[in-house]
Amino acid sequence: MTKIDDELHQRALQVPIQKISWNAVNRYQLDLLVRRDDLIDSSQSGNKFYKLFYNLDAAKKSGFTQVLSFGGAFSNHLYALAAAGRERGLTTIGVVRGERPACLSPTLRDAEAWGMKLHFVSRDTYRLKSDARFLADLRQIFGDFYAIPEGGANEAGVRGSAVIGHAIDQQLNGHYSCVCAPCGTGNTLAGIAAGLPESKTAIGFSVLKGAGDLGVTIAKNRQSYLDSLPDDVDQGSGGSWRLISGYHGGGYGKKLPSYLDQFWRSFENETGLLLDPVYSLKMFWGISQLAAQHYWSPGSRIVAVHTGGLQGRRGFNREKSNAN
Ligand SMILES: *Cc1c(COP(=O)(O)O)cnc(C)c1O
């Protein structure tokens, strides 16, 4: 595999991969290695750093001074975008689902303090987020901008996420069994899978209640990334992937059922690793369940990507959901 050697790749190689002692997997003679992408940047935490990287490069290279994207009140993506915009000298615009509340979520309060212009739209209007006419209306209001889809889920997002796969393989020198990641749009999983060598598998844990055609999207995104590589980059055919559903704990951003709430506390107490309630919590829950079902053979080395999002812990009231 030709090494793709740019700033993002260099950053990714510095991210620690830590062996965690956790009885839920260790009792089945499994090793758990956690890739700490929650540490890659203080505010652009986790996978959003990767998904935004080439998007912002593209915006700058094409001469845009404004970047617009979409998200909910607790969006890790808008939070990361606001921070990145400030750092890279780009004006950011966040189109937020729902009316502006009297009291902003901590996420949006920070985003606004970092200079993001917040534009609240009704849920019905928000559904038009990929509609060309809606974007044209937004250009009437804000002037021209580079648009990034919700969650940074586009080709540049997959390309950034592929760097995670490359980095893991390089850092561990191939000594691991599989790579796990939580899945929302599945963009990150598609990238990780594409970045792994052919012999490895990326396992995605869907945080959505109905995964719909998520698998189709993942397959398509993985393949179009591989197809887009220049001929002199020998990426092989990339790693394979698998999507696991059933560990969403009631659905995206919903109030946690008590078993998950308990799992959250005991995981953090035992490992000292903090989890976000919307994504990584559900992945680790799924990993513990698969381990108990003997999904992996003894001696397997499981890499779990901590995709960050810890800022969302602040707004996550255990009584309420973060899905609004
Ligand atoms: C956005 C996000 C994900 C999901 O990424 P996708 O590429 O949409 O699958 C996972 N974890 C965290 C912490 C996120 O913020």
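Quick caveat: nothing in here was measured; it's all calculated off a predicted structure. (Residues numbered from 1 in each chain as written. Predicted model: local features only at pLDDT ≥ 70, side-chain atom pairs only at ≥ 80, totals over all residues. Heavy atoms only, no water.)

Caption draft 1: Highlighting the sheet that holds strand β4 (residues 91-97). An order of β5-β4-β3-β6 is seen for the 4 strands of this open sheet, with the pairing classed as parallel. The open sheet is flanked by β5 (117-121) and β6 (146-147), the only strands paired with a single partner. Relative to β4, strand β3 (residues 66-71) is paired through 6 bridges, and the arrangement is parallel. Within the sheet, the bridge partner assigned to L68 lies in β4 and is I93. Where helix α7 (residues 132-142) meets the sheet, it contacts β3, β4, β5 and β6, and its direction lies at approximately 130° from that of β3. (Pairing = 2+ DSSP bridges. Helix = DSSP H or I, 4+ residues; strand = E, 2+ residues; numbered from the N terminus. Contact = heavy atoms within 4.5 Å. Axes fitted to C-alpha atoms, helices over the stretch in contact; angles between N-to-C directions.)

Caption draft 2: Molecular detail of the site of the ligand. Around the ligand, the surrounding shell holds 15 residues, and the nearest of these are K48, K51, T185, T188 and T307. Contacts to the ligand include G184, whose backbone N or O atom sits 2.8 Å from an oxygen atom. Counting only elements with at least two residues in the shell around the ligand, the list comes to α3 (47-61), β7 (178-183) and α9 (187-195). Broken down by element, the residue count for the shell around the ligand peaks at 3 residues, all from α3. Here the residues of the shell around the ligand sort into 3 nonpolar, 10 polar and 2 charged. (Near = heavy atom within 4 Å. Polar contact = N/O pair within 3.5 Å; in protein donor to acceptor, adjacent residues only side chain to side chain. Nonpolar A, V, L, I, M, F, W, Y, C, P; charged D, E, K, R; others polar.)

Caption draft 3: Examining the pairing of strand β2 (residues 31-35) more closely. Judged by how many residues are buried, β2 sits mostly within the fold: 4 of 5 residues are covered. Here strand β1 (residues 17-20) pairs with β2 via 4 bridges, running antiparallel. Residue pairing in the sheet places I17 in a bridge with R35 of β2. As judged from the 5 bridges shared by β2 and strand β10 (residues 301-305), these two strands associate in the parallel manner. (Buried < 20%, exposed > 50% of the residue type's maximum accessible area, 1.4 Å probe, protein only.)

Caption draft 4: Here's a closer look at the environment of W241. Tracing the backbone shows W241 in strand β9 (residues 240-244). Using a relative accessible area of 25% as the deciding quantity, one classes W241 as partly exposed. The spacing of W241 and A190 is 51 residues in sequence and 7.8 Å in space, taken between C-alpha atoms.

Caption draft 5: How the structure looks around the nonpolar core. Ranked by internal contacts, the top residues of the largest apolar core, which has 35 residues, are Y50, I168, V179 and I192. When residues of this core are traced back to their parent elements, those giving at least two are α1 (7-13), α3, α8 (155-172), β7, α9, α10 (214-228) and β10. Sort the elements by how many residues they give to this core and α8 lands first, with 8 residues. Aside from chain neighbours lying at most four places away, what touches Y50 is L8, A12, V15, R35, D37, I40, G160, S161, V163 and I164. In this structure, I20, V25, L290 and A304 belong to the second largest nonpolar core, which totals 32 residues. (Core = buried A, V, L, I, M, F, W, Y, C linked by side-chain atoms within 4.5 Å.)

Caption draft 6: Representation of the pattern of salt bridges in the model. Scanning the model with the defined rule gives 14 salt bridges in all. D261 is paired through a salt bridge with R265; the nearest N and O atoms lie 2.8 Å apart. Of this pair, D261 and R265 both sit in helix α11 (residues 258-271), separated by 4 residues, roughly a single helical turn. Where salt bridges share partners, they join R97, K129 and E150 into one cluster. (Salt bridge = Lys/Arg side-chain N within 4 Å of Asp/Glu carboxyl O.)

Caption draft 7: Here's a closer look at the side chain of R36. Structurally, R36 can be placed in the loop between β2 and α3. On the basis of relative accessibility, which here comes to 12%, the residue R36 falls in the buried class.

Caption draft 8: Examining the packing of α3 against α8 more closely. Where α3 contacts α8, the two axes come as close as 7 Å, and the packing angle between them is 130°. One way to sum up the angle between α3 and α8 is to call them oblique. For the pair α3 and α8, the sense of crossing is right-handed. Within the contact between the two elements, α3 uses Y50, K51, Y54 and N55 and α8 uses A156, G157, R159, G160, S161, V163 and I164. When the residues that make up the contact of α3 with α8 are grouped by side-chain class, the tally is 5 nonpolar, 4 polar and 2 charged. (Parallel < 35°, antiparallel > 145°, perpendicular 65-115°, else oblique. Left-handed = near helix turned anticlockwise from the far one by under 90°.)

Caption draft 9: Spatial organisation of the packing of aromatic side chains. Across all of its chains, the model carries 16 aromatic pairs by this definition. Seen from their ring centres, F49 and F53 are 6.4 Å apart, and the 45° between their planes marks the pair as tilted. Note that F49 and F53 are positioned in helix α3 at a spacing of 4 residues, about one turn of the helix. For the residue pair F49 and F53, the accessibility class agrees, reading buried in each case. With a centroid separation of 6.1 Å and an interplanar angle of 35°, the aromatic rings of F263 and F267 are classed as tilted. (Phe/Tyr/Trp six-rings, centres within 6.5 Å; stacked < 30°, edge-to-face > 60°.)

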